[in-house]
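Okay, here's what each chain looks like letter by letter:
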Amino acid sequence: MKLKLFLAGILTACVTTFAAETCLGGSKVSTAEVQKVLSGILGNAKVVSVSDSPIQGLYEVVIQSGDRKVPIYMDCNLKYLVNGEIIDVNKKVSLTRERFQQLQAQVNSEKEVKLAKILGKDKVEMLKKEGLIELISIVDVKNLPKPNVTYGNGNNVVYILTDPQCPFCAKLHKEMEKVLSSRKDVKFEMIFYPLPMHNHAKGIAENIECQKDNATKQSMLNKSFDNVLSRNESGLSALDKPCANSKSIIENNIKFAQSIGINGTPTMIFPKKGIAVSGAIPAETLNKLIDILK
């Protein structure tokens, strides 16, 4: 479990084929074989390619989750996974970082082509100008869960996968409030996605979802984020009251997020375009994003 979370963290910060590659002694392995070996620790990540690494005796295994591709390494017998950097001592450069940048440039290029078909080239250029391309992924929204809390009444709907104990979610929440104070054409639908590293998140999410009216839910979520920003552990603990009636709802949210390759919060989803944007962005940028994608 710890290793799975560690890999997920790297993928957040950062179609199986069957082409065989060679390693020591001319041995061969396919991406399908590596996927099978790593299935217990990769979660929803896929093995995209397997090739020789700069170090003899190691494969370079490229894994992908959402729009992130990351190089990791395995020995030729597929017994050991090496999750770290290969550094060229003479050149004093990280070959792993260079490879990651190369992979990400490839991903972004492919993404721009897909986005151009969805949005048009002009809007893609706008997104690039705002530096948002790397934060964007294209997701399947057909099974989008019902919102747990709603803010605003506008026609431009933005879903936010949020964790009530996440500091970055709390920051985005404050920026969201700034947007709502300046315009009336937006509605934010909050979907709780409590992350396992936050010990109060799931209980708080269940507690809020069990409340009968939206105003009470808003008040509790606002209070939770205030406690996060002020580092008030006792305040979070007071809100952590698991509710059996909403447990399945929150678990369904988690399964949905994981099924579309979202491993972190906050993540905004624009349902009409099937576009997700990760991270706590300032209100000014959020306004521009809404206008581009509305």
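Keep in mind the model is a prediction, meaning the values are calculated, not measured. (Residues numbered from 1 in each chain as written. Predicted model: local features only at pLDDT ≥ 70, side-chain atom pairs only at ≥ 80, totals over all residues. Heavy atoms only, no water.)

(A) Quick peek at the sheet that holds strand β12 (residues 186-192). Across the sheet, 6 strands lie side by side as β9-β14-β13-β11-β12-β10; this open sheet has mixed pairing. One side of each edge strand has no neighbouring strand; the edge strands of this open sheet are β9 (136-138) and β10 (149-151). Mean inter-strand twist for the sheet, computed between neighbouring axes without regard to direction, equals 25°. Here strand β11 (residues 156-162) runs beside strand β13 (residues 267-270); their pairing, made up of 3 bridges, is antiparallel. In the sheet register, Tyr 159 faces β13, and the bridge partner there is Ile 269. On the sheet, helix α3 (residues 95-119) packs against β9 and β14 (275-278) and is oriented at approximately 70° with respect to β9. (Pairing = 2+ DSSP bridges. Helix = DSSP H or I, 4+ residues; strand = E, 2+ residues; numbered from the N terminus. Axes fitted to C-alpha atoms, helices over the stretch in contact; angles between N-to-C directions. Contact = heavy atoms within 4.5 Å.)

(B) Fine view of the environment of Val 139. Within the secondary structure layout, Val 139 lies in the loop between β9 and β10. Sequence separation between Val 139 and Ser 259 is 120 residues; the distance between their C-alpha atoms is 9.7 Å. Among all residues touching Val 139, those that are not within four sequence positions of it are Ile 260, Ile 269, Gly 274 and Ala 276.

(C) Representation of the pattern of salt bridges within the structure. Counted according to the given criterion, the structure contains 15 salt bridges. Across the salt bridge formed by Glu 112 and Lys 128, the nearest N and O atoms sit 3.5 Å from each other. Residue Glu 112 is found in helix α3, and its partner Lys 128 is found in helix α4 (residues 121-129); the two are separated by 16 residues along the sequence. Of the residues examined, Lys 128 reaches a relative accessible area of 37% and is grouped as partly exposed. In this structure, Glu 251 engages Lys 202 in a salt bridge whose closest nitrogen and oxygen atoms are separated by 3.8 Å. (Salt bridge = Lys/Arg side-chain N within 4 Å of Asp/Glu carboxyl O. Buried < 20%, exposed > 50% of the residue type's maximum accessible area, 1.4 Å probe, protein only.)

(D) Inspection of the nonpolar core at higher detail. Membership of the largest hydrophobic core comes to 57 residues, with the highest contact counts inside it found for Phe 188, Met 268 and Ile 269. Those residues in contact with Met 268 that lie beyond four places of it in its chain are Val 158, Tyr 159, Ile 160, Leu 172, Ile 275, Ala 276, Val 277, Gly 279, Ile 281 and Leu 286. In this structure, Val 61, Ile 72, Met 74 and Cys 76 belong to the second largest nonpolar core, which totals 15 residues. (Core = buried A, V, L, I, M, F, W, Y, C linked by side-chain atoms within 4.5 Å.)

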